[in-house]
Amino acid sequence: MDFEFGSGDGEFRAAARDWLAGHLVGGYAELAGRGGPGSEHEGAEERRAWERELGAGGWIGLGWDCAEGAYGNRAASLTQQVVWAEEYARARAPGRVGHIGENLLAPTLIAYGDEAQRRRFLPAIARGEELWCQGYSEPDAGSDLAGLRTVAVRDGAGYRVSGQKIWTSLAMAADWCFVLARTDPAERRHRGLSFLLVPMDQPGRIEVRPIRQMSGTAEFNEVFFDGAVAGHVVGGEGAGWRVAMGLLARERGVSTLVQQIGFAAELDEVVGTAVRCGALRDPVLREQLIRQWAELKVMRWNALRTLGAAGDAGAPSVAKLLWGGWHQRLGQLAMRVRGAAAALGPADWTAQAPYELDPLQRLFLFTRADTLYGGSDEIQRNIIAERVLGLPRVERI
């Protein structure tokens with residue numbers, strides 16, 4: 001597609017920049033740079049208040065495929081959505097706690113939900129009042145989403161959900177969870193699944209357990225469902241796989257471009273560290289840093305090329321393979337430029353604070369998961385092989 005910014009986009013950029021400058025003040029200014037990868041737990045309550053601030057300003061739900069103002073969102077073209085994402089990242093505004101509801105669930109409801117579901121959930125997301133988490137991954141299914149074991153049994157007009165989800169980001173703060181569960185036990189694999197909306201405030205029926213990581217933080221959670229009530233099914237019973245795949249396709253969009261702005265800031269920090277510690281004298285390391293810079297440029301051009309394109313089954317998988325490997329290599333470079341000093345934390349070990357890490361150390365540890373979460377590299381290559389290249393499908397039991 002042809003992608004270029006017009007004069008209206010410049011005005012939109014100025015408005016976005018002015019709004020951010022006028023609202024990232026006081027307590028919100030202290031959130032600058034917090035809540036990103038590896039620190040999603042930081043300032044959760046303050047960032048929740050920031051979501052409501054964004055909602056009051058009309059900055060949630062830009063470009064939802066519906067009439068302007070229908071659900072509390074404002075209209076924005078594709079380029080204006082990119083502009084907002086860029087300005088948000090450049091202002092070092094806090095990591096979003098509402099992005100799962102805004103960028104994943106809301107477009108899915110617009111595409112597959114009914115009008116009652118849209119009117120119930122979209123306004124609350126647009127106001128920044130209800131937070132969502134994603135109930136896909138399971139302990140025994142790995143990256144094989146079709147192998148999930150969570151079940152949902154009909155109970156009157158709704159369902160009772162039982163099972164376990166894992167690696168659930170923001171589950172400790174979420175009000176709702178969209179859950180993929182098996183509603184037809186007679187079916188196997190991707191058949192017989194349904195996409196359910198489950199309220200998280202169900203004591204005795206839903207338990208959230210933080211997963212403590214080697215960094216000492218707990219961005220992810222296990223979620224246990226024991227007869228939890230679900231009153232909404234999106235797209236109809238048995239259509240869960242189609243809805244879930246539609247949602248995953250929306251996971252790679254404008255957010256990819258704003259992600260790359262964060263990547264550029266991290267690369268600048270790694271290069272700056274290499275300059276300060278003299279690591280650039282190593283020609284191999286210097287060449288690796290240049291390669292990282294060039295690959296990031298290519299990723300941006302590829303994201304712009306595919307933005308808004310339809311019908312390219314391999315584009316989301318290619319994007320995931322590109323950024324996952326790139327970010328993981330950046331984490332490794334962050335340690336290489338520091339040499340032996342990378343093994344030392346910023347403070348001495350204490351029983352009260354045993355996991356003191358600096359930002360580059362957190363970057364390294366977090367990026368170990370980049371080629372796994374969001375669909376492992378192996379799964380992405382299978383998708384490309386089968387759906388794009390037409391190679392024989394792997395038989396799955």
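Placed above this text is the structure.
I will try to describe carefully the structure that is included in this document. (Residues numbered from 1 in each chain as written. Predicted model: local features only at pLDDT ≥ 70, side-chain atom pairs only at ≥ 80, totals over all residues. Heavy atoms only, no water.)

## Let's talk about the packing of helix H1 (residues 7-23) against helix H3 (residues 78-90)
The N-to-C vectors of H1 and H3 enclose an angle of 30°; their axes lie 9 Å apart at closest approach. Along this stretch, H1 crosses H3, giving a crossing that reads as right-handed. On H3, the residues touching Gly8, Asp9, Phe12, Arg13, Ala16, Arg17, Trp19 and Leu20 of H1 are Thr79, Gln80, Val83, Trp84, Glu86, Glu87, Tyr88 and Arg90. When the residues that make up the contact of H1 with H3 are grouped by side-chain class, the tally is seven nonpolar, three polar and six charged. (Axes fitted to C-alpha atoms, helices over the stretch in contact; angles between N-to-C directions. Helix = DSSP H or I, 4+ residues; strand = E, 2+ residues; numbered from the N terminus. Left-handed = near helix turned anticlockwise from the far one by under 90°. Contact = heavy atoms within 4.5 Å. Nonpolar A, V, L, I, M, F, W, Y, C, P; charged D, E, K, R; others polar.)

## Let's talk about the pattern of salt bridges
Scanning all chains against the criterion turns up 22 salt bridges. In this structure, the salt-bridge partner of Lys165 is Glu138, at a minimum N-O distance of 2.8 Å. One end of the pair, Lys165, is in strand E3 (residues 158-165); the other, Glu138, is in the loop between strand E1 (132-135) and strand E2 (151-155), and 27 residues separate them in sequence. Summarising the burial analysis for this pair, Lys165 and Glu138 share the class buried. Taking the shortest distance from any N to any O, the salt bridge between Glu295 and Arg329 comes out at 2.9 Å. Remark: Arg329 occurs in helix H9 (residues 315-336) and Glu295 occurs in helix H8 (residues 283-306); sequence separation between them is 34 residues. With relative accessibility at 24%, the residue Glu295 sits in the partly exposed group. Exposure remark for Arg329: the relative accessible area of 35% places this residue in the partly exposed category. When salt bridges with common partners are traced through the structure, they connect Arg13, Arg17, Glu86, Glu87, Arg90 and Arg300 into a single cluster. (Salt bridge = Lys/Arg side-chain N within 4 Å of Asp/Glu carboxyl O. Buried < 20%, exposed > 50% of the residue type's maximum accessible area, 1.4 Å probe, protein only.)

## Describing empty space enclosed by the protein
Here the structure, examined in full by the defined rule, presents two cavities of 30 Å³ or more. There is about 40 Å³ of room inside the largest cavity. Lining the largest cavity are Thr256, Gln260, Met299, Asn302, Ala303, Ala319, Leu322 and Trp323. Residue assignment for the lining of the largest cavity shows that the elements contributing at least two residues are helix H7 (254-277), H8 and H9. For the lining of the largest cavity, a count of residues per class yields five nonpolar, three polar and no charged. Of the pockets and cavities examined, the second largest cavity occupies roughly 30 Å³. Around the second largest cavity sit Glu51, Ile60, Arg96, Gly98, Glu102, Ile125, Gly128, Glu130 and Leu131, which together line it. Looking at the lining of the second largest cavity, its residues break down into three nonpolar, two polar and four charged. (1 Å grid on protein atoms, 1.4 Å probe; cavity = no way out; pocket = protein on both sides within 12 Å on 5 of 7 lines; lining within 4 Å. Points joined across faces, edges and corners; volume = space filled by probe spheres on them.)

## Concerning the layout of surface pockets
Of the volumes computed, that of the second largest pocket is approximately 230 Å³. Elements with a minimum of two residues in the lining of the second largest pocket: H3, H7 and H8. Tallied by class, residues from the lining of the second largest pocket come to six nonpolar, one polar and five charged.

## A closer look at unusual backbone geometry
The backbone phi angle of Trp167 is positive, close to 55°, even though this residue is not glycine. Along the chain, Trp167 turns up in the loop between E3 and strand E4 (176-182). One non-glycine residue, Leu170, lies in the positive phi region at around 65°. By the secondary structure assignment, Leu170 is in the loop between E3 and E4. On the accessibility criterion, Leu170 (7% relative accessible area) is buried.

## Some details on the packing of helix H4 (residues 99-112) against helix H5 (residues 115-126)
Two elements in contact, H4 and H5, have axes whose closest approach is 10 Å; the angle formed by their N-to-C orientations is 160°. On the basis of the axis angle, H4 is roughly antiparallel to H5. The two elements H4 and H5 cross, and the hand of that crossing is left-handed. Contacts between H4 and H5 involve Gly101, Glu102, Leu105, Ala106, Leu109 and Ile110 from the former and Gln117, Arg118, Phe121, Leu122 and Ile125 from the latter. Taken together, the residues of the contact of H4 with H5 break down into seven nonpolar, two polar and two charged. (Parallel < 35°, antiparallel > 145°, perpendicular 65-115°, else oblique.)

## What about the side chain of Gln80?
Inspection of the secondary structure assignment puts Gln80 in helix H3. At 3.0 Å, the side chain of Gln80 forms a polar contact with the backbone nitrogen of Ser77. (Polar contact = N/O pair within 3.5 Å; in protein donor to acceptor, adjacent residues only side chain to side chain.)

## Some thoughts on H5
Helix length check: H5, at twelve residues, gives a terminal C-alpha distance of 16 Å against a target of 16 Å (1.5 Å per residue), a fit within 8%. Restricting attention to buried positions, one finds in H5 the residues Gln117, Arg118, Phe121, Leu122, Pro123, Ala124, Ile125 and Ala126. Elements in contact with the buried residues of H5: helix H2 (44-56), H4, E1, E4, strand E5 (193-199) and strand E8 (232-234). For H5, the N-terminal cap is Asp114; the gap from its side-chain oxygen to the backbone nitrogen of Ala116 is 3.2 Å. Backbone geometry just after H5 places Gly128 at a positive phi near 75°. (Expected span 1.5 Å × (residues − 1).)

## Comments concerning H1
Between its terminal C-alpha atoms H1 stretches 25 Å, which fits the 24 Å expected from 17 residues at 1.5 Å a residue. Along H1, the positions that sit buried rather than exposed are Asp9, Phe12, Arg13, Ala16, Trp19 and Leu20. Buried residues in H1, looked at end-on, bunch into an arc of 135°, giving them a common side. What points out from H1, more than 90 degrees from its buried face, is the exposed set Ser7, Glu11, Asp18 and Ala21. The secondary structure elements touched by the buried residues of H1 are H2 and H3. (Arc of directions from axis to C-beta.)

These figures capture arrangement, not role.
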